[in-house]
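Survey of secondary and tertiary structure
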Amino acid sequence: MTDTQRTVTVLGSTGSIGRNTLDLIERNRSAYRVEALVAHRNVDLLIAQARSVRPQCAVVADEACYAALKDGLAGTGIAVAAGAAAVVEAAQRPAEWVMSAIVGAAGLEPTMAAVRRGSVVALANKESLVCAGDLMMAEVQKSQATLLPVDSEHSAIFQVFDFDRPQSIEKIILTASGGPFRTWERSAMASVTPQQAVAHPNWSMGAKISVDSATMMNKGLELIEAHHLFGLPEHQIDILVHPQSVIHSMVSYVDGSVLAQLGTPDMRTPIAVALAWPARMEAPSPRLDLAAVAQLTFESPDHHRFPALSLVRGALQSGGAAPTIMNAANEVAVARFLAGGLGFLEITAVVEQTLADLGAPAMSSLEDLFAFDTQARHHAAVLCQKRSQAAASGIS
Ligand SMILES: NC(=O)C1=CN([C@@H]2O[C@H](COP(=O)(O)OP(=O)(O)OC[C@H]3O[C@@H](n4cnc5c(N)ncnc54)[C@H](OP(=O)(O)O)[C@@H]3O)[C@@H](O)[C@H]2O)C=CC1
Ligand SMILES: CC(=O)[C@@H](O)[C@H](O)COP(=O)(O)O
Ligand SMILES: [Mn+2]
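Cut-offs applied
- Residues numbered from 1 in each chain as written.
- Chains lettered and ligands numbered in written order.
- Predicted model: local features only at pLDDT ≥ 70, side-chain atom pairs only at ≥ 80, totals over all residues.
- Near = placed C-beta within 6 Å.
- Helix = DSSP H or I, 4+ residues; strand = E, 2+ residues; numbered from the N terminus.
- Nonpolar A, V, L, I, M, F, W, Y, C, P; charged D, E, K, R; others polar.
- UniProt positions renumbered as here; feature names shortened; annotations may be inferred.
- Contact = placed C-beta atoms within 7 Å.
- Domains from an automatic or database assignment.
- Pairing = 2+ DSSP bridges.
- Right-handed = clockwise from strand over helix to strand, strands pointing away.
- Core = buried A, V, L, I, M, F, W, Y, C linked by C-beta atoms within 7 Å.
- Buried ≥ 20, exposed ≤ 12 C-beta atoms within 10 Å, placed from the backbone.
- Expected span 1.5 Å × (residues − 1).
- Axes fitted to C-alpha atoms, helices over the stretch in contact; angles between N-to-C directions.
- pLDDT = per-residue confidence, 0-100.

Here's the deal with the site of ligand 2
The immediate surroundings of ligand 2 are formed by Asp151, Ser152, Glu153, Ala176, Ser177, Gly179, Trp203, Ile209, Ser213, Asn218, Lys219 and Met267. For the shell around ligand 2, the elements supplying multiple residues, two or more each, are α7 (152-160), α10 (207-215) and α11 (217-230). Here the residues of the shell around ligand 2 sort into four nonpolar, five polar and three charged.

Topic: the UniProt feature "binding site: 1-deoxy-D-xylulose 5-phosphate" (unreviewed entry) in the protein chain
Using the residue numbers shown here, the UniProt feature "binding site: 1-deoxy-D-xylulose 5-phosphate" (unreviewed entry) corresponds to Lys126, Ser152, Glu153, Ser177, His200, Ser213, Asn218, Lys219 and Glu222. Those residues in contact with Ser152 that sit more than four places away from it in its chain are His248, Met267 and Pro270. Structurally, Glu153 can be placed in helix α7. In this structure, Glu153 is in contact with Leu174, Thr175, Glu222, His248 and Ser249, ignoring residues within four places of it in sequence.

Details of the domain arrangement of the protein chain
Here the protein chain is described as being made up of domain 1 (6-150), domain 2 (151-264 + 286-309) and domain 3 (319-395). Listed per partner, the contact involves 13 residues of domain 1 and 14 residues of domain 2. When residues of the side of domain 1 that touches domain 2 are assigned to their parent elements, the largest contribution, six residues, is made by helix α6 (residues 126-143). Broken down by class, the residue content of the side of domain 1 that touches domain 2 amounts to seven nonpolar, four polar and two charged.

Focus on the pairing of strand β6 (residues 120-123)
Taken together, the four bridges between strand β5 (residues 97-100) and β6 define a ladder with parallel strand orientation. Across the sheet, Val98 pairs through a bridge with Val121, a residue of β6. On the question of chirality, the crossover connecting β5 to the parallel β6 by way of helix α5 (residues 108-116) is right-handed.

Considering the nonpolar core
Across soluble globular proteins, nonpolar side chains show a tendency to be buried alongside one another. Membership of the largest hydrophobic core comes to 121 residues, with the highest contact counts inside it found for Ala58, Leu69, Ala122, Ile325, Ala329 and Ala333. It is helix α15 (residues 322-338) that contributes the most residues to this core, 10 residues altogether. In this structure, Ala329 is in contact with Val350, Val351, Thr354, Ala376 and Ala380, ignoring residues within four places of it in sequence.

Topic: α15
Spanning 17 residues, α15 covers 24 Å between terminal C-alpha atoms, matching the ideal 24 Å at 1.5 Å per step. Within α15, 16 of the 17 residues are buried, which leaves the element mostly enclosed by the surrounding structure. Just downstream of α15, Gly340 is the residue with a positive phi angle, here 85°.

Digging into the sheet that holds strand β2 (residues 32-39)
Taken in spatial order, the seven strands make up an open sheet running β4-β3-β2-β1-β5-β6-β7, and their pairing is parallel. The open sheet has two edge strands with one neighbour each: β4 (79-82) and β7 (146-149). Here the average twist between neighbouring strands, direction ignored, is 20°. Pairing of β2 with strand β3 (residues 57-60), which is carried by four bridges, proceeds in the parallel orientation. Bridging across to β3, Val38 finds its partner in Val59.

Quick look at the site of ligand 1
Within the structure, ligand 1 sits among 29 residues, and Gly15, His40, Ala61, Met205 and Gly206 are positioned closest to it. Looking at the shell around ligand 1, the elements with two or more residues in it are α1 (16-27), β2, α6 and α10. Of the domains in this structure, domain 1 (6-150) and domain 2 (151-264 + 286-309) are the two that each give at least three residues to the shell around ligand 1.

Considering the sheet that holds strand β11 (residues 258-262)
Strand order in the open sheet formed by four strands is β9-β8-β10-β11, and the pairing between neighbours is mixed. The open sheet has two edge strands, β9 (237-241) and β11, and neither has a second partner. With strand direction ignored, the average angle separating the axes of adjacent strands in the sheet is 20°. Relative to strand β8 (residues 169-176), α11 is tilted by about 150°, and along the sheet it contacts β8 and β9.

Section: the environment of Arg93
Structurally, the position occupied by Arg93 is in the loop between α4 (84-92) and β5. Between the alpha carbons of Arg93 and Arg54 there is a distance of 15 Å; along the sequence they are 39 residues apart. Setting aside residues up to four positions removed in sequence, Arg93 forms contacts with Thr9, Glu35 and Ala36.

Let's talk about the confidence of the model for the protein chain
Summing up the model confidence of the protein chain, the mean pLDDT is 97 and the portion of residues at 70 or higher is 99%. Per the prediction output, this complex has pTM 0.98; the corresponding ipTM is 0.99.

Some details on the environment of Ala68
Residue placement: Ala68 occurs in helix α3 (residues 66-72). Residue class for Ala68 comes out partly exposed when judged on the 18 C-beta atoms lying within 10 Å of it. Each C-alpha atom of the pair Ala68 and Ile47 lies 9.2 Å from the other, and the pair is 21 residues apart in sequence.

Following this line, the structure appears as structure tokens:
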């Protein structure tokens, strides 16, 4: 180990973001020492990753995978552990830099644990900021942790945002690809399959975020994420459809200047921005050839075909537990859709109904949050069940 090595932990190392993070680390082995790797239950990949980057410990959330992990790493000297508490303990280990890339609200407690340690936290797990934004930002203030955005749009904004003169910023513009159904009639979306929904036109990502992109809920979650990261109210955050995903987002200033960050759609660039911050490192992402791209096009989002966008603005305006409830209902509905038990259009309908039924109760602690999250998951699961039974019996 050299003096200049940075100690890093990767939460969600077996996922799309986790694998891209380890790809960058493997290409720069002398610059990093890996403290911990965390996965859910993909033990085979976790073992292979651990054997390659030699962390101090490897952790699986699913306790049923403990024996396989232990066997797979026997004789390596790498400590192993399993279970939700072990995941939080891994996030608390002494790493200078923690990649938060667990999918969904399952990432909240480990991300909070890393924030509380005062680490540099590279945040991909947008759901944790959506469901606990105010609470997490308060912890960031308290611990003096550094929260670095990894989401491509927020990384873009981070790179062109004048943090010293926030009054000079008129608005930020989040670009959206529009997803695989950007040009589809709403009626045609009723029968799309999970396979069609995860086929993102530009990005290779995990299943959950791919479905979110298809409903455009992803852009809604990103709006809330931007609100917390950059301290702007909902009405200063615009969404613009840009099918090529070359401009990753923009900041518009009071003098009429608009600053943008561009690149090919490869997450290794925004991950590299966070991994090397405040310096820059080489990343292997394909280089942008604007002459080959030839045309960059833009459209206003269609709120009728993609109602998730209005739903999210409403939840953010309502405040309280509304974003937590919305996120939980969305996670349940997306999982049900991916399992083949819910129609594509029903995802947003279940979220809307859950929000209408549970409202926006006040929320002031993580205990409140977990209670609302659990309640919303139960509620959404019942709605999913009713809708799939109605669909099976031909009732619309
Ligand atoms: N993929 C992308 O390009 C982008 C992703 N993001 C965000 O990054 C996060 C990760 O996305 P992505 O990498 O695509 O997702 P994936 O589904 O590809 O990976 C999810 C990771 O989280 C792990 N995991 C899931 N549940 C748990 C749990 N309960 N405890 C511990 N680990 C768990 C998985 O482990 P296992 O493999 O064992 O199941 C896996 O390592 C999401 O919040 C997403 O919105 C943001 C921008 C871009
Ligand atoms: C790579 C990334 O950051 C994703 O969140 C991506 O933005 C999804 O694309 P759309 O939601 O714009 O379709
Ligand atoms: Mn994004």
